Amino acid sequence: MGAKLKKRKDGRYCRRIKLPTGDSKDVYGYTLKELEENVEKLRLEYALNLSPAKVTVAQWAEVWWRHKISIKSGKGKIGDRCKYDYLSALNNYILPEIGSIMLRDIRPVHCQAVIDSAIDKSLSQQRKLSVVMNHIFRYACVNQLLQGNPNQYTTLTARQPESVKALTPDQVADLLKAAKTLRQRLLVNLGLFAGLRRGEIAALRWTDVDLINRIINIRSSVDFLHNQPKNKDPKSK
């Protein structure tokens, strides 16, 4: 966009901005900083095709997703699992709770309501919600739609961890008995006696198995998104 800067007799700076429509519009500010802020607000208004004062959290989340998540590539690219988790947080918790609220009206109490809606979930799940809201509202701060990040004051609530119950000897025997084919027995034995996860078993190749030294090397894992397998790094070594 072309722009010319001049100072008016009333002390205000003026910059004429060429809009995507082809029209021009004068933007004013008593300081250069205020002028630039008003210029960015105008540009954002036309980018969103609506006034920044009327942007809802849901609309801004869509802008954030389009500009910061969907188009990322290379070193900053977001993985498919991370995208899936972000979308799940948005569609199942954040947008149903605060999506219709005007972005400028969002407050810490609203963000806390999102976290509290998952109070029966794990700390990890609550933390995912907080991470997504941080991204959304920080991007709004960068674009001068918010003065501060309202999510920075939220707190997570730890639920009582459920004890993990191991299979009884009878259950192990029943599971081994139910595995009829060689493929089924191999999967069950690797899970029971080698402690491998489903994705780690699915990713195994013959090159990962050292028959001489009786060692299985876990080099990758398979994640299943919408029943479609995708290779990834294992959780731990």
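Q: Is there a simple way to think about the nonpolar core in this case?
A: Generally speaking, a soluble globular protein has its nonpolar side chains buried in company with each other. Trp60, Trp64 and Phe137 are the most contacted members of the largest nonpolar core, which totals 31 residues. Listed by contribution, the elements that provide at least two residues to this core are helix H2 (57-70), helix H3 (80-98), helix H4 (108-116) and helix H5 (123-142). The next biggest cluster of nonpolar side chains, apart from the first, holds six residues, and it includes Ile17, Val27, Val39 and Leu42.

Q: Please explain the layout of surface pockets as it appears in this structure.
A: The calculated volume of the largest pocket comes to roughly 540 Å³. For the lining of the largest pocket, the secondary structure elements donating two or more residues are helix H7 (182-193) and helix H8 (198-202). With five residues, H7 is the single largest residue contributor to the lining of the largest pocket. Looking at the lining of the largest pocket residue by residue, the classes come out as ten nonpolar, one polar and two charged.

Q: Sorry if this is basic, but what is going on with H4 here?
A: Within an α-helix, residues lying three or four positions from one another point in the same direction, as the helix has 3.6 residues per turn. Among all positions of H4, only Cys111, Gln112, Val114 and Ile115 are buried. The buried residues of H4 occupy one face: seen down the axis, they fall within an arc of 150°. Packed against the buried residues of H4 are H3 and H5.

Q: Explanation requested: the pattern of salt bridges in the structure shown.
A: Close approach of charged atoms allows side chains of opposite charge to pair. Scanning the entire structure with this criterion turns up eight salt bridges. Put simply, Asp208 and Arg219 hold a salt bridge, and the shortest N to O gap is 2.6 Å. Taken together, the residues Asp208 in the loop between H8 and strand S4 (209-210) and Arg219 in the loop between strand S5 (215-216) and strand S6 (221-225) connect sequence positions eleven residues apart. Taken together, the shared-partner salt bridges connect Arg8, Asp10 and Arg12 into one network.

Q: Is there a simple way to explain the environment of Ala203 in this structure?
A: If you trace the backbone, Ala203 turns up in the loop between H8 and S4. Along the chain, Ala203 and Lys232 lie 29 residues apart, while their C-alpha atoms are 9.1 Å from each other. If we ignore the near neighbours within four places in the chain, the residues touching Ala203 are Asp208, Ser220, Ser221 and Val222.

Q: Can you walk me through the packing of aromatic side chains in this structure?
A: Ring pairs (aromatic) are described by centroid distance and by the angle formed between their planes. Applying the stated criterion to the full structure yields three aromatic pairs. Grouped by ring-pair contacts, the aromatic residues Trp64, Trp65 and Tyr86 constitute a single cluster. In this arrangement the basic side chain of Arg12 is found over the ring face of Tyr28, its NZ or CZ atom lying 4.4 Å from the centre.

Q: Which parts of the structure should I look at to understand the packing of H4 against H5?
A: Two quantities define a packed helix pair, namely the angle between the axes and the distance from one axis to the other. Where H4 contacts H5, the axes come no closer than 9 Å and their chain directions differ by 150°. When the axes of H4 and H5 are compared, the pair comes out roughly antiparallel. Both H4 and H5 take part in a crossing whose hand is right-handed. Between H4 and H5, the residues in contact are Cys111, Val114 and Ile115 and Gln126, Leu129, Ser130, Met133 and Phe137, respectively. Classifying every residue of the contact of H4 with H5 gives six nonpolar, two polar and no charged.

Each value, and the rule that gives it
Position numbers for residues count from 1 along each chain, tracking the sequence in the order it is written. pLDDT decides what is reported in this predicted model: residues at 70 or higher carry local features, side-chain atom pairs at 80 or more are listed and counted, and totals for whole chains, interfaces and linings draw on all residues regardless. Values shown for side chains rest on all heavy atoms present in the structure; no hydrogens or waters enter the calculation. To define a nonpolar core, start from buried Ala, Val, Leu, Ile, Met, Phe, Trp, Tyr and Cys residues and group those joined through side-chain atoms within 4.5 Å. Type-normalised accessible area, obtained with a 1.4 Å probe on protein chains alone, sets the label of each residue: buried when under 20%, exposed when over 50%, and partly exposed for intermediate values. Strands are runs of DSSP state E lasting at least two residues, helices are runs of H or I lasting at least four, and both sets are numbered from the N terminus onward. Only protein atoms enter the 1 Å grid used here. Points where a 1.4 Å probe fits but cannot escape make up a cavity, open sets with protein on both sides within 12 Å along at least five of seven lines make up a pocket, and a residue lines them when an atom lies within 4 Å of a point. Grid points are joined across faces, edges and corners, and a volume is the space filled by probe spheres set on the points. Gly falls in the polar group here, along with every residue not listed as nonpolar (Ala, Val, Leu, Ile, Met, Phe, Trp, Tyr, Cys, Pro) or charged (Asp, Glu, Lys, Arg). In this description, the arc belongs to the directions extending from the helix axis to the C-beta atoms. Between two residues, a contact is recorded if the distance between any of their heavy atoms is within 4.5 Å. When a carboxyl oxygen of Asp or Glu is within 4 Å of a side-chain nitrogen of Lys or Arg, the pair counts as a salt bridge. Pairing of aromatic side chains requires ring centres within 6.5 Å, counting the rings of Phe and Tyr and the six-membered ring of Trp. Pairs whose planes differ by under 30 degrees are stacked, by over 60 edge-to-face, and all others tilted. Only when the NZ of Lys or the CZ of Arg is both within 6 Å of the ring centre and within 35 degrees of the ring normal is a charge said to sit over the ring. Fitted lines through C-alpha atoms give the axes, limited to the stretch in contact for helices. The angle between two N-to-C directions lies from 0 to 180 degrees. If an angle is under 35 degrees, it is roughly parallel; if it is over 145, roughly antiparallel; if it lies from 65 to 115, roughly perpendicular; otherwise it is oblique. Two helices crossing with the near one rotated counterclockwise from the far one by less than a right angle form a left-handed crossing, whereas a clockwise rotation gives a right-handed crossing.

Function cannot be inferred from these measures alone, as they are strictly geometric.
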